[in-house]
2 protein chains.
Amino acid sequence: MLMKSATQSLTEQLAERYAERIRQRLLAPGARLPSVRECARVHGVSPSTVVAAYDLLLAQGLVHARKQRGFFVREPLAPRSDTHSRPPTPASPGPINASALIRGMFHRVSDKPQPGMGVFPPDWLETAFMPAAVRRMVGTRALNDASLHYGEPMGDSGLRRVLSQKLAGHSVHASPEQIITTVGATHALDIVSRTLLRPGDPVMVEEPGWAVEFARLAALGMRVLPVPRGPEGPDLDVMQRLAEAHRPKLYVSVSVLHNPTGYSLSPGSAHRLLQMAQRHGFHIVEDDTYSHLAPEHATRLSALDGLQRTIYVGGFAKILAPNWRIGFLAAPPALVEALLDTKLLSTLTTPALLEKALAHCIEHGQLRRHAERIRVRLDAARSRSAKLAMAAGCRFVAEPMGLFGWVDTGVDTDALAQRLLDDGHLIAPGALFHAARAPSTLMRINFATTQDAGFWRTYSRRVAQVT
Amino acid sequence: MLMKSATQSLTEQLAERYAERIRQRLLAPGARLPSVRECARVHGVSPSTVVAAYDLLLAQGLVHARKQRGFFVREPLAPRSDTHSRPPTPASPGPINASALIRGMFHRVSDKPQPGMGVFPPDWLETAFMPAAVRRMVGTRALNDASLHYGEPMGDSGLRRVLSQKLAGHSVHASPEQIITTVGATHALDIVSRTLLRPGDPVMVEEPGWAVEFARLAALGMRVLPVPRGPEGPDLDVMQRLAEAHRPKLYVSVSVLHNPTGYSLSPGSAHRLLQMAQRHGFHIVEDDTYSHLAPEHATRLSALDGLQRTIYVGGFAKILAPNWRIGFLAAPPALVEALLDTKLLSTLTTPALLEKALAHCIEHGQLRRHAERIRVRLDAARSRSAKLAMAAGCRFVAEPMGLFGWVDTGVDTDALAQRLLDDGHLIAPGALFHAARAPSTLMRINFATTQDAGFWRTYSRRVAQVT
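So, here's what we can say about the structure. Model, not experiment: these values are computed from the prediction. (Residues numbered from 1 in each chain as written. Chains lettered and ligands numbered in written order. Predicted model: local features only at pLDDT ≥ 70, side-chain atom pairs only at ≥ 80, totals over all residues. Heavy atoms only, no water.)

What follows concerns the interface of chain B and chain A. Opposite the 76 residues of chain B that make contact, chain A presents 76 residues. Note on chain B versus chain A: buried area summed over both sides is about 6900 Å², and carbon and sulfur give 61% of it. Per-residue buried area on chain B facing chain A is highest for B:Leu148, B:Tyr150 and B:Leu345; these three make up 12% of the total on that side. For the pair chain B and chain A, the number of links is four salt bridges. (Contact = heavy atoms within 4.5 Å. Buried area = accessible area lost by both parts, 1.4 Å probe. Salt bridge = Lys/Arg side-chain N within 4 Å of Asp/Glu carboxyl O.)

Printed below as a string of structure tokens:
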């Protein structure tokens, strides 16, 4: 409900609220604003206030009106529109759509719980050992030496040694010379796609899957081929047909605690998938972002394969500090040089300070103990959140596991997302996890941020309105 | 001269020396090894030792032999060779060639001065204020908050505010909302080319110019169109013809203290260049990497243009700490959103710790005072180095300015580079600064690392051998 203020009229407040949402792309280009009557009811203002607010948005060029149909968010000015348009990428959203979700990861909609968030809330991640590790490193001769040069092209050798040992714990055997550090797992995935693919190349992805990956591949001009992801692994029949028809060079997979479903690859499915990769000559990039939350003996493709056709990608944003931006890849020896070249051309090196501090935290068992605590806390949160979700009428499409729940709400989640924004809650609608952004009744919930009964009450009220 | 050792025969030592050079790409694929007689003389061993060493390299698959012609470095295994080759990019080297130079930036050939180095020696950059700034930041609430989220998508807002003020000192007017931080200037240039260009697009670059930029554009599949760079600016006649024939979308330029020549754009040339950009509808990315070494009133395109068609790129690797990897871009408001999307898709955010520490150093005048000291020291080094270079028979193609000298040696500098490597000196041959890597008698010297008379004596001896 909007309240009169001394500095802004109700009209201005309402217009500003929608303008902000359009700028943050929480209302995507092409989306329809609520009807005047509906908007008036939701915000507790008169219809004439809504009409005036929509006129302000019109004047600002943020929306356009269509006769008898209402107001629609305008496409932003595209910097490349003056020449040719991008090559057609079937079933691929442009970066504009994905940015709604990406921005949602940063944008603080309100101080309320954010069920759509992709990471743990900051208070879960707060530790004393990380700042201490930075303090310990910053005075050292070794760090000073590293900082005043460009540093080691492959990344800090101490960290790569520690990571090599850590991977061995997952039965992934990679020497430090097969490991390259990156600016987070995102950068690692970017390096892999830029190195192994050329624009126009077909690449297989999981559906549902991670919108940022779809968007990056589309922005690089790749042809994105979605493969349905089931509880055991990818649909191998679909994959077989795609492999025969398009000869893709790469398959991108979150094999363990898949985002958004929480599925983990079964050993049998992993074996058959690797056989298919062998038969059709494609590589697999295994994104193990959720590794620290995974069951102890989860199957990794890279472990079975021995890093022959697989490239392993890991990171620490989901367990330590999203902003430290440390990720890494472990690759077959024959690919290391080409991947390193791509890293150097894109960022040169990566900062040694944080890499050395991270190596210290891993080496001294601090990360391991912290991850254990987080897993225990997450188990409790998941059980609480799942009960509340089911009581609110959600059906779990996948067994609750890991950080995310994948639930069927029974209503269009794009519409639901807009309603819940009015209450200060950001949710992640199912359309964001589909390469073609098909409307969906599914949504992804973060178990750590949906333990609050208050949210689920609001949720139920909004679901009833959307129905 | 090689010496017998207890663990390795002379043959093994000699083979290992060349193997290492091939692996580091200091000997590029296709390069011919010295003749047996020449190699024997240079290394002070018998011809039969050389023959045995070359046979070892042959057995290792690093070289191949051509009848009557000698031994040649083999092309490394290309990971993409199993499918189609990359689209032809006229006058563009692949990343393989550029990596020789890039790796030269990291690879410690010896403890001797490295005339080809692209940055200041570490002892020039050592300060107490940078570690102190990190220590000051690491305990703060603000940093903790930033680290446990992904952080601000555009980069630390404190740093962007400080950069905005700093740019105003160069008459470049950019609000903090036009500034995006990046993982060094390299990442900023990568973001610009990925955002404004599509694979196959023509893009104009300076020649001579920066090999990493050529290599990145080629790796992205762009058509690289070199424009000769003169003392006043680019050759506008050539640019006009290229603009008419190819309709390029972008021109990439180091306008102030151009690398490798040290040229700075004249105001008149800047004005005409901007008019041409306007007429032909292309953007200009102005790489101001050497800004901290520049004369006080140097002309920036972004200042004249008011960031309409220009995107300004800056960094701190050349003045503070190469490994901190902080760069930034300042862009026209209409391009900011698209550039930000590319940043997010490539690395998500950037680490706030170093950005906050850098902001502190700039705000408290520490960077400014440090840069003043470096400029004074560089002026003395330049004058000493230039005298020694001329005494050794070098002719300066461009008036000595900034960090680099661009000199004519009178001999093929690719061959000279191989000889000087035997003495432990890495030089930067002219071929690396040409898009087509044409052989050249020019080389780039770093004034900070060529003040040593001993190097120039070695240089003269080697020049005499190459002639």
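This part is about the relation of the copies chain B and chain A. Taken together, a rotation about one axis and a shift along it account for how the two chain copies relate. Placing chain B over chain A gives an RMSD of 0.2 Å and needs a rotation angle of 180°, together with 0.1 Å of translation along the axis. These values place the two chain copies in the arrangement generated by a two-fold rotation axis. Of the interface residues in chain B, 100% have counterparts in chain A that sit at the interface too, so the contact is made through matching surfaces. (Least-squares fit on C-alpha atoms with pLDDT ≥ 70 in both.)

Quick look at the sheet that holds strand 3 (residues 179-182) of chain B now. Residue and element names in this part refer to chain B. Spatially, seven strands are ordered 3-9-8-7-6-4-5 in an open sheet, and the strand pairing comes out mixed. The strands lining the two open edges of the sheet, one partner per strand, are strand 3 and strand 5 (223-228). Ignoring strand direction, the axes of neighbouring strands in this sheet form an average angle of 20°. Pairing of strand 8 (residues 310-315) with strand 9 (residues 327-330) involves four bridges; the strand directions are antiparallel. Its bridge partner lying in strand 9, Val313 is registered against Leu329. The strands that helix 10 (residues 211-219) touches are strand 4 (202-207), strand 5 and strand 6 (250-253); relative to strand 4, the one it contacts most, it runs at about 165°. (Pairing = 2+ DSSP bridges. Helix = DSSP H or I, 4+ residues; strand = E, 2+ residues; numbered from the N terminus. Axes fitted to C-alpha atoms, helices over the stretch in contact; angles between N-to-C directions.)

As a further point, take unusual backbone geometry. A cis amide bond links A:Glu207 with the next residue in sequence, A:Pro208, at an omega value of 0°. Here the amide bond leading from B:Asn259 into B:Pro260 is cis, since omega sits at 15°, within 30 degrees of zero. Here B:Pro260 shows up in the loop between strand 6 and helix 12 (267-280). In this model, B:Gln68 sits at a positive phi of 65°, which is unusual for a non-glycine residue. Mapped onto the elements, B:Gln68 comes out in the loop between strand 1 (63-66) and strand 2 (70-73). In this structure B:Gln68 comes out as exposed when scored by relative accessible area, which is 83%. Of note, the phi angle at B:Leu348 is positive, near 55°, even though the residue is not glycine. You can see B:Leu348 is positioned in the loop between helix 14 (333-347) and helix 15 (352-363). In this structure B:Leu348 comes out as buried when scored by relative accessible area, which is 4%. (Buried < 20%, exposed > 50% of the residue type's maximum accessible area, 1.4 Å probe, protein only.)

All names here are of chain B. Packing of helix 11 (residues 236-246) against helix 12 brings their axes to within 11 Å, and their N-to-C directions diverge by 10°. Relative to helix 12, helix 11 is oriented roughly parallel. Across the interface between the two elements, Leu236, Met239, Gln240, Ala243 and Glu244 of helix 11 pack against Ser269, Arg272, Leu273, Met276, Arg279 and His280 of helix 12. Split by residue class, the contact of helix 11 with helix 12 holds five nonpolar, three polar and three charged. (Parallel < 35°, antiparallel > 145°, perpendicular 65-115°, else oblique. Nonpolar A, V, L, I, M, F, W, Y, C, P; charged D, E, K, R; others polar.)

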